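# Notes for the structure review
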Protein chains: 2
Amino acid sequence: MSKIASLVPENLKSAKPSLIRVLNNKYGHDPEVINLTVGEPDFKTADHVKLAAIKSILNDHTHYPHNWGTSTLRNAISQYLASHFDLHYDPESEIFVTEGASGAISTIIDGLCQPDDVVLIPSPAYTLYRINTELRGARAVELETSAPDFKVTPQLLREALVKYGSAVKVLVLNYPVNPTGATYTVDEVRALAAVFKEFNVAILDDEIYADLLYTDKQLPIAKLLPDQTLYVSGVSKNAAMTGWRIGYICGPSDILKSLAKVHQAAISTTATMNMDAAEEALRHGDIDTARMKAAYDQRRKFLMNAMDKIGFRYTKPQGAFYLWVQIPDNFVGDSLAYANHLAEKAKVAIVPAAAFTNRPLRYFRISYAASLSDLKQATERLAKIFKADQASYK
Amino acid sequence: MSKIASLVPENLKSAKPSLIRVLNNKYGHDPEVINLTVGEPDFKTADHVKLAAIKSILNDHTHYPHNWGTSTLRNAISQYLASHFDLHYDPESEIFVTEGASGAISTIIDGLCQPDDVVLIPSPAYTLYRINTELRGARAVELETSAPDFKVTPQLLREALVKYGSAVKVLVLNYPVNPTGATYTVDEVRALAAVFKEFNVAILDDEIYADLLYTDKQLPIAKLLPDQTLYVSGVSKNAAMTGWRIGYICGPSDILKSLAKVHQAAISTTATMNMDAAEEALRHGDIDTARMKAAYDQRRKFLMNAMDKIGFRYTKPQGAFYLWVQIPDNFVGDSLAYANHLAEKAKVAIVPAAAFTNRPLRYFRISYAASLSDLKQATERLAKIFKADQASYK
């Protein structure tokens, strides 16, 4: 132990690393294991986007950009959101660029929460909301949504907002949902907005998967409650640009002015040439997104069909690239035990519900951002273990 | 005002943006003003580094890297620090890559400080230490160093460590110093280390300018107190890579394990291709640094000579690319007033001491990361205004 080890606060020392990472490190390098844990496109970034980055580098865009992001990228974001989602933000004062959507999430939670404040998180949910809340010394309260869709209802929302009162600073709404792949209908969004309207709480509206939707377009709650919503997105998922680290926050200019200070204190700015690449993706990337979405949709259908045949039950996926699958009733053990069981016996790595909630949900997440051949092989293996398990219970 | 404007905590709402940024925005776009405010190399990133980034992109290094940074970059950092500074860190457990040195600074302060803890900052200092401390709800306490060199002494250090006791979690040591350009001799570092040794406090050892030194090599305090020091650096200054956003923290593995969680929660990871570029700069960039350093040194000498002739007094610069200049005694007004005076009357933009300290220091910072011709013209203008001012006081 180093001399200054005692300086690390207890809550940080005991903070668990993301279970996704742990499993990924445990099974991701085993060539025998098919790894369906990662939440990132298996596609490469499109050539014209790569070319835009190369041009940027050749043009020596290697100096500090504006702290809010280059004005050209902010313009591209503004135009993209207007044309794709009918969302209208002023590129000068209502949009700033963050280090991936992760940077947006941490900035909002860090900026708006003080110790002991409450962040409401419909669970299951991506871990980063909870981790940032807890590191801030604030309380991450799970909204306990129900099977099969695990969507927050107006009633659940109202009860929590009443119960925690003015301690609630932020509510997270992420749809399409990681990890369930479900999303909210227009009517559901309207009903939630009607509740929100009565309360002084910020909505962290994380729509990073909004372009990967296999149903009708969804209604961003930012459209209904622009004054109360911090819209979060980025190019990682729709443009297969996870490694470039470009996301953004849009919202009321007065709030953004404050949040930009938090982001600036944390990292100064994001990288210049990466912003130029993201700009190209937003301006000319629709065809790439369409191509990738078609592939994801094919895999989604394949996977649903295969899981149906095996006998697994799951939440019907409508967006993103995840399938949320129920653990067979007669398996003895929690979701982590089942994940280890599948990895060891079937050589298929998935993410257990424990990565997304503190509740003892008997589910796991399959990422189908993987090749169809991997998915085929994986489901064959799952079929075998499922059958063997069922036989052993008899 | 937006509906949720009241959710922004008071300390964030009232947090002032960096004065450097404010002045840069105010005068940076006026073509008549020579802008000597910015702390970034005017050089472009070297071609071989740009080429490494392009290769990385062409090789589709566009996916998530390891959260601690690519292992190849961590190896390059380890080897660079060993060969350049005789510092020895294990790339697997004692180094992680951050979003610029800014990301390193915010991660250390966020990770180790709780509300009301104390961070000791020898002033004048780069603003980011104070801003991050205050956003965390902790207290930024200035160590009031004295003219002409503004270096922290063992006595000053001991007094503060005794006075604030166990509330002190971090002490910032940044040398060569931004904004004074001074640095610490080997004996001075040893004397400070002797004091530190007695206390359980982390040293944030920010040596981002260590390669831009115009005297003998300096002794990193990390070499003397590896168990107590978090060594911070990056490629922004020595390789002219500000826009790429790659920095790093080195230190005891147990502390780094905790700090990496903070950085991961904040931004997940830095960008993959940017790390590949930084790796090239560390492995093969010495010749570029030498070339730029020679140019900075020429400008430094020119500037000292010109300021001597004019009659300005300054701290003798030994590193970085800043000159710390005394405001003439008979100027009526504070450092900000003098900065505005120079910008308006002489059309030369500099940064007043107020950007680096809450003390009423009558100094300003000139950045000589500017072309020699700009510096020539700027000093001619300064000579005129200096003379006119002196005449007007008679």
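If you're wondering where the values come from, they're calculated on a predicted model, not measured in any experiment.

### Observations regarding the packing of aromatic side chains
Residues and elements named next belong to chain B. Under the criterion given, the structure shown has 32 aromatic pairs over all chains. Between Phe 43 and Tyr 296, the ring centres sit 5.4 Å apart and the planes meet at 70 degrees, which makes this aromatic pair edge-to-face. Remark: Tyr 296 occurs in helix α12 (residues 286–310) and Phe 43 occurs in the loop between β1 (34–35) and α3 (47–58); sequence separation between them is 253 residues. Judged by relative accessible area, Phe 43 falls into the buried class, the value being 16%. The interplanar angle of 35 degrees and the centroid separation of 5.6 Å between the aromatic rings of Tyr 338 and Phe 364 together place this pair among those described as tilted. Residue Tyr 338 is found in helix α13 (residues 335–346), and its partner Phe 364 is found in strand β13 (residues 363–367); the two are separated by 26 residues along the sequence.

### Observations concerning the sheet that holds strand β9 (residues 314–315) of chain B
Residues and elements named next belong to chain B. Judged by pairing direction, the sheet is antiparallel, and its four strands sit side by side in the order β9-β10-β13-β12 without closing on themselves. At either end of the open sheet lies a strand with only one pairing partner, and these are β9 and β12 (351–352). One ladder, built from five bridges, connects strand β10 (residues 322–326) with β13; its direction is antiparallel. Across the sheet, Trp 324 pairs through a bridge with Arg 365, a residue of β13.

### A look at the interface of chain B and chain A
Opposite the 83 residues of chain B that make contact, chain A presents 83 residues. Here chain B meets chain A over a buried area of about 6700 Å², counting both sides, of which 55% is carbon and sulfur. Scanning the region where chain B abuts chain A turns up four salt bridges. With a shortest N-O distance of 3.8 Å, Asp 60 of chain B and Lys 44 of chain A are connected by a salt bridge. Scanning the region where chain B abuts chain A turns up 45 residue pairs in polar contact (both at pLDDT 80 or more). For the side of chain B that touches chain A, the leading source of residues is helix α10 (residues 253–267) of chain B, giving nine residues. Partitioning the side of chain B that touches chain A into residue classes produces 36 nonpolar, 28 polar and 19 charged.

### Some remarks on the UniProt feature "domain: Aminotransferase class I/classII large" (unreviewed entry) in chain A
Within this numbering scheme, the UniProt entry marks residues 32–382 of chain A as carrying the feature "domain: Aminotransferase class I/classII large" (unreviewed entry). Across residues 32–382 of chain A, helical content stands at 43% and strand content at 17%; the span's end C-alpha atoms are separated by 14 Å.

### Observations regarding the environment of Asp 205 of chain B
Residues and elements named next belong to chain B. When you line up the elements, Asp 205 lands in strand β6 (residues 202–206). Along the primary structure Asp 205 and Asn 330 are separated by 125 residues, whereas in three dimensions their C-alpha atoms are 37 Å apart. Sequence-distant contacts of Asp 205, defined by excluding residues within four places in its chain, comprise Leu 173, Tyr 175, Pro 220, Ile 221, Ala 222, Thr 229, Leu 230, Tyr 231 and Val 232.

### Focus: the pattern of salt bridges
If you walk through the whole model with that rule in mind, you get 31 salt bridges over all chains. Here Asp 60 of chain A makes a salt bridge to Lys 50 of chain B, at a shortest N to O gap of 2.6 Å. In this pair, Asp 60 of chain A sits in the loop between α3 (47–58) and α4 (71–85) while Lys 50 of chain B sits in helix α3, so the two residues belong to two different chains. Across the pair Lys 223 of chain A and Asp 86 of chain A runs a salt bridge, and its minimum N-O distance is 3.2 Å. With Lys 223 of chain A in helix α9 (residues 221–224) and Asp 86 of chain A in the loop between α4 and β2 (95–99), this residue pair connects regions lying 137 residues apart in the sequence.

Cut-offs used in this document
- Residues numbered from 1 in each chain as written.
- Chains lettered and ligands numbered in written order.
- Predicted model: local features only at pLDDT ≥ 70, side-chain atom pairs only at ≥ 80, totals over all residues.
- Heavy atoms only, no water.
- Phe/Tyr/Trp six-rings, centres within 6.5 Å; stacked < 30°, edge-to-face > 60°.
- Helix = DSSP H or I, 4+ residues; strand = E, 2+ residues; numbered from the N terminus.
- Buried < 20%, exposed > 50% of the residue type's maximum accessible area, 1.4 Å probe, protein only.
- Pairing = 2+ DSSP bridges.
- Contact = heavy atoms within 4.5 Å.
- Buried area = accessible area lost by both parts, 1.4 Å probe.
- Salt bridge = Lys/Arg side-chain N within 4 Å of Asp/Glu carboxyl O.
- Polar contact = N/O pair within 3.5 Å; in protein donor to acceptor, adjacent residues only side chain to side chain.
- Nonpolar A, V, L, I, M, F, W, Y, C, P; charged D, E, K, R; others polar.
- UniProt positions renumbered as here; feature names shortened; annotations may be inferred.

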